[in-house]
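Residues per chain are reported as follows:
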Amino acid sequence: MKRLLAGLAGLTLLGALAGWFVTAPQPLDQAERAQRPGDPARGARLFHAGGCASCHAAKGAKGEARLRLGGGAPLVTPFGSFQPPNISPGPDGIGNWSLAEFDNAMRRGISPDGRHYYPAFPYTSYARMTPGDIADLFAYLTRLPAVAGKPAAGDIPFPFNIRRGIGLWKRLYLNPAPIVALPENAPADVKAGQYLVEGPGHCGECHSPRDGLGGVDRARWLAGAADPEGKGRIPNITPGRLAWSAAEIADYLKTGFTPDYDSVGGTMVEVQANMAELSDSDRAAIAAYLKAVPTVKP
């Protein structure tokens, strides 16, 4: 009996050690991290493409207020309520962060103190960003106004409040590979649009359905999903379901008006405001990619 108990204790210890290993944060290697100082002018493009203000500025903020990133409205999900943090360049935000810490947060979902971020922060998409773009975005953010104060913590129930478990979730879903396998001879604008949509734009985080663990269903990419605000559904925007031309998609992203003269609504209002800040060529590239992805039926 003593040998049996000792064996069970040993197996339990080995299991605990294995679990600790597989759930450990995995930061970027030094060679992978952003190295050079970024360009804030280029970073502004990434800021708008990523919709940073939509989550991290006050709800309903307009104009210059959208650059005050003290934390926005909570994101309510089936896994709990997640509070966007202060990411302004003050001491309550990212003012004391290094570029390496910012890069690990963006592409690996790891905080400066070595903890996992919850994937309400869409690092599964940002993982596809280039080191240079990460540096440019960081350079832009650090030149915005500092905002004092930290928002109240979110409300995350058991067992999802066991943050260490996110390490296992990341092994399943944190994959920087492209979602859509484009042919090598794909047009340059389609490839540029893929980077914006699958990376900084993180369009699939809302427009794709998720499985029971909250991971994006890559097989049904952009096929539509429940609205995170609980008000209907976010539409399927794959070809055949979104019947607009590439030019009409690009114009919608710029103006907020649909081909039948309706206007943007719901959660897309904030997204369109961000897309309107991009160049015509960026919006055209996004539209070209959306016309090139596989059609997914409802």
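Residues numbered from 1 in each chain as written. Predicted model: local features only at pLDDT ≥ 70, side-chain atom pairs only at ≥ 80, totals over all residues. Heavy atoms only, no water.

With that settled, the discussion passes to helix α11 (residues 268–275). Within α11, the full set of buried residues consists of Met268, Gln272, Asn274 and Met275. End-on, the buried residues of α11 take up no more than an arc of 160°, which puts them together on one face. Buried residues belonging to α11 abut α2 (40–49), α3 (52–56), α10 (246–255) and α12 (280–292). (Buried < 20%, exposed > 50% of the residue type's maximum accessible area, 1.4 Å probe, protein only. Helix = DSSP H or I, 4+ residues; strand = E, 2+ residues; numbered from the N terminus. Arc of directions from axis to C-beta. Contact = heavy atoms within 4.5 Å.)

A word on the pattern of salt bridges. Under the criterion given, the structure shown has 11 salt bridges. Glu205 is paired through a salt bridge with Arg210; the nearest N and O atoms lie 2.7 Å apart. You can call Arg210 partly exposed: its relative accessible area is 38%. Salt bridges here are not isolated pairs; linked through shared partners, they connect Arg36, Asp39, Arg42 and Asp136. (Salt bridge = Lys/Arg side-chain N within 4 Å of Asp/Glu carboxyl O.)

Bringing the nonpolar core into the picture now. Counting 25 residues, the largest nonpolar core has Trp221, Leu222, Leu253, Ile286, Tyr289 and Leu290 as its most contacted members. Mapped onto this core, the elements with two or more residues apiece are α8 (188–198), α10, α11 and α12. At five residues, the largest contribution of residues to this core is made by α12. Excluding anything up to four places from it in sequence, Leu290 contacts Leu222, Ile237, Pro239 and Ile249. Ranked by size, the runner-up nonpolar core spans 24 residues in total, among them Phe47, Ile87, Ile134 and Leu137. (Core = buried A, V, L, I, M, F, W, Y, C linked by side-chain atoms within 4.5 Å.)

Relative to each other, α10 and α12 sit at 130°, their axes nearing to 8 Å. Considering their axes alone, α10 and α12 lie oblique with respect to each other. As for how α10 packs across α12, the hand of that crossing is right-handed. Contacts between α10 and α12 involve Ala246, Ile249, Ala250, Leu253 and Lys254 from the former and Asp280, Arg283, Ala284, Ile286, Ala287, Leu290 and Lys291 from the latter. (Axes fitted to C-alpha atoms, helices over the stretch in contact; angles between N-to-C directions. Parallel < 35°, antiparallel > 145°, perpendicular 65-115°, else oblique. Left-handed = near helix turned anticlockwise from the far one by under 90°.)

Moving on to the side chain of His56. On the secondary structure map, His56 appears in helix α3. Residue His56 is classed as buried on the basis of its relative accessible area of 13%. Within polar-contact distance, the side chain of His56 engages the backbone oxygen of Pro85 at 2.9 Å. What His56 contacts, discounting residues up to four positions off in sequence, is Arg68, Leu69, Gly70, Gly71, Gly72, Pro84, Pro85 and Ile87. (Polar contact = N/O pair within 3.5 Å; in protein donor to acceptor, adjacent residues only side chain to side chain.)

Attention shifts here to the environment of Asp39. Here Asp39 lies in the loop between α1 (2–22) and α2. Considering only alpha carbons, one finds Asp39 and Gly201, 162 residues apart in sequence, at a separation of 19 Å. With sequence-adjacent residues up to four places away left out, Asp39 is seen in contact with Asp136 and Ala139. Side-chain polar atoms of Asp39 contact the backbone nitrogen of Ala41, separated by 2.8 Å.

The next point concerns the packing of aromatic side chains. Under the defined criterion, the tally for this structure stands at nine aromatic pairs. Seen from their ring centres, Phe47 and Tyr140 are 5.1 Å apart, and the 50° between their planes marks the pair as tilted. On the criterion of sequence distance, the pair formed by Phe47 in helix α2 and Tyr140 in helix α6 (residues 131–141) is long-range, its members being 93 residues apart. Taken individually, Phe47 and Tyr140 each receive the classification buried, so the pair is uniform in this respect. Where Tyr117 meets Phe121, the ring centres are 5.8 Å apart and the plane angle is 90°; that geometry is what we call edge-to-face. A connected cluster of aromatic rings, assembled from ring pairs, spans Tyr117, Phe121, Tyr123 and Tyr126. (Phe/Tyr/Trp six-rings, centres within 6.5 Å; stacked < 30°, edge-to-face > 60°.)

What follows is about the packing of helix α4 (residues 99–108) against α6. Packing of α4 against α6 leaves a shortest axis separation of 10 Å and a crossing angle of 115°. On the basis of the axis angle, α4 is roughly perpendicular to α6. For the element pair α4 and α6, the recorded crossing hand is right-handed. On α6, the residues touching Leu99, Phe102, Asp103, Met106 and Arg107 of α4 are Pro131, Ile134, Ala135, Leu137, Phe138 and Leu141. Across the contact of α4 with α6, the residue classes break down as nine nonpolar, no polar and two charged. (Nonpolar A, V, L, I, M, F, W, Y, C, P; charged D, E, K, R; others polar.)

Honestly, it's all geometry; don't read function into it.
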